[in-house]
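Next come the chains, spelled out residue by residue.
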Amino acid sequence: AFTLAPTVNLDADDLVFEVNDSAGVSQFSVDEDGDIFSRNDITSTGTGNVIVGGGLRVGGGTFITDSLRCTLTVDVASIGAAACAETTCGLSGVPVDSPLACTFPPAIAAGLALSCFVSAADTITFRLCNVTALPIDPANGVYVARHFEG
């Protein structure tokens with residue numbers, strides 16, 4: 001059971017709002033800067049979303065302040081043995097040398113390796129390499145690169 005313990009006068013922790021459990025342990029709080037702290041997972045049931053207007057920090061990591069995504073639907077031509085194919089996708093606001101996470105379609109053929117990188121300002125390059133000794137003709141699919149700013 002949770003009890004509401006709103007704070008009108010800022011205390012030593014500068015808390016504006018706090019929810020405690022029955023033992024008085026803080027489970028959820030909001031400080032004067034609008035930072036939200038949760039002792040447990042914040043989950044969404046049904047079709048709701050968790051929307052963060054400032055930064056999001058997981059554990060003690062770096063704040064994530066924005067997420068940019070480049071999605072490309074493509075039918076890659078046959079890739080020769082020990083060769084690679086590349087294609088690009090524009091993504092405004094991503095500086096060169098930024099880290100990316102990339103994914104390929106779930107039905108990707110065995111023997112293919114995907115990488116993605118920022119090849120120029122605002123440009124993501126997807127590189128799909130065939131690491132086998134035979135040509136592979138990948139099925140068309142959706143390739144996604146995501147950049148998290150922090």
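Residues numbered from 1 in each chain as written. Predicted model: local features only at pLDDT ≥ 70, side-chain atom pairs only at ≥ 80, totals over all residues. Heavy atoms only, no water.

A. View of the overall build of the chain. From N to C terminus, the chain includes 0 helices and 10 strands. Reading the secondary structure of the chain in the N-to-C direction produces β-β-β-β-β-β-β-β-β-β. Counting the 150 residues in the chain, one finds 25% classified as buried. Restricting the contact set of the chain to residue pairs at least 6 apart, pairs at least 24 apart contribute 52%. (Helix = DSSP H or I, 4+ residues; strand = E, 2+ residues; numbered from the N terminus. Buried < 20%, exposed > 50% of the residue type's maximum accessible area, 1.4 Å probe, protein only. Contact = heavy atoms within 4.5 Å.)

B. Just the sheet that holds strand S10 (residues 141–149), in detail. Across the sheet, which stays open at both edges, the 3 strands sit in the order S5-S10-S7 with antiparallel pairing between neighbours. Every other strand in the sheet has two partners, leaving strand S5 (66–74) and strand S7 (101–103) as the edge strands with one partner each. Taking the axes of each pair of neighbouring strands and ignoring which way they run, one obtains an average angle of 15° across the sheet. In terms of strand pairing, S5 meets S10 through 9 bridges, oriented antiparallel. Bridged to Val 74 within S10 is Gly 141. (Pairing = 2+ DSSP bridges. Axes fitted to C-alpha atoms, helices over the stretch in contact; angles between N-to-C directions.)

C. Representation of the environment of Gly 90 in the model. Along the polypeptide, Gly 90 turns up in strand S6 (residues 84–90). Residues Gly 90 and Val 118 lie 28 residues apart in sequence; the distance between their C-alpha atoms is 9.7 Å. Other than its neighbours up to four places away in sequence, Gly 90 contacts Cys 70 and Asp 122.

D. Main features of the pattern of salt bridges. Scanning all chains against the criterion turns up 1 salt bridge. As a salt-bridge pair, Glu 86 and Arg 127 come within 2.5 Å of each other at their nearest N and O atoms. With Glu 86 in strand S6 and Arg 127 in strand S9 (residues 123–130), this pair connects stretches of sequence that are 41 residues apart. Accessibility expressed as a relative area gives 31% for Arg 127, which makes it partly exposed. (Salt bridge = Lys/Arg side-chain N within 4 Å of Asp/Glu carboxyl O.)

E. Structural context of the state of the cysteines. The full count for this structure, using the stated rule, is 2 disulfides. Disulfide pairing places Cys 70 opposite Cys 89 at an S-S distance of 1.7 Å. Highlighted residues: Cys 70 in strand S5 and Cys 89 in strand S6, separated in sequence by 19 residues. Per residue, the accessibility class of Cys 70 equals that of Cys 89, and both read buried. A sulfur-sulfur separation of 2.0 Å characterises the disulfide bridge that pairs Cys 84 with Cys 129. Handedness here is read from the sign of the S-S torsion; for Cys 84 and Cys 129, about 105°, the answer is right-handed. You can see Cys 84 sitting in strand S6 and its partner Cys 129 sitting in strand S9, a full 45 residues away along the chain. Overall, Cys 129 belongs to the buried group, its relative accessible area being 15%. Sequential numbering of the bridged cysteines in the chain gives the disulfide pattern 1-3, 2-4. (Disulfide = S-S within 2.5 Å.)

Keep in mind that these numbers describe shape and distance, not what the molecule does.
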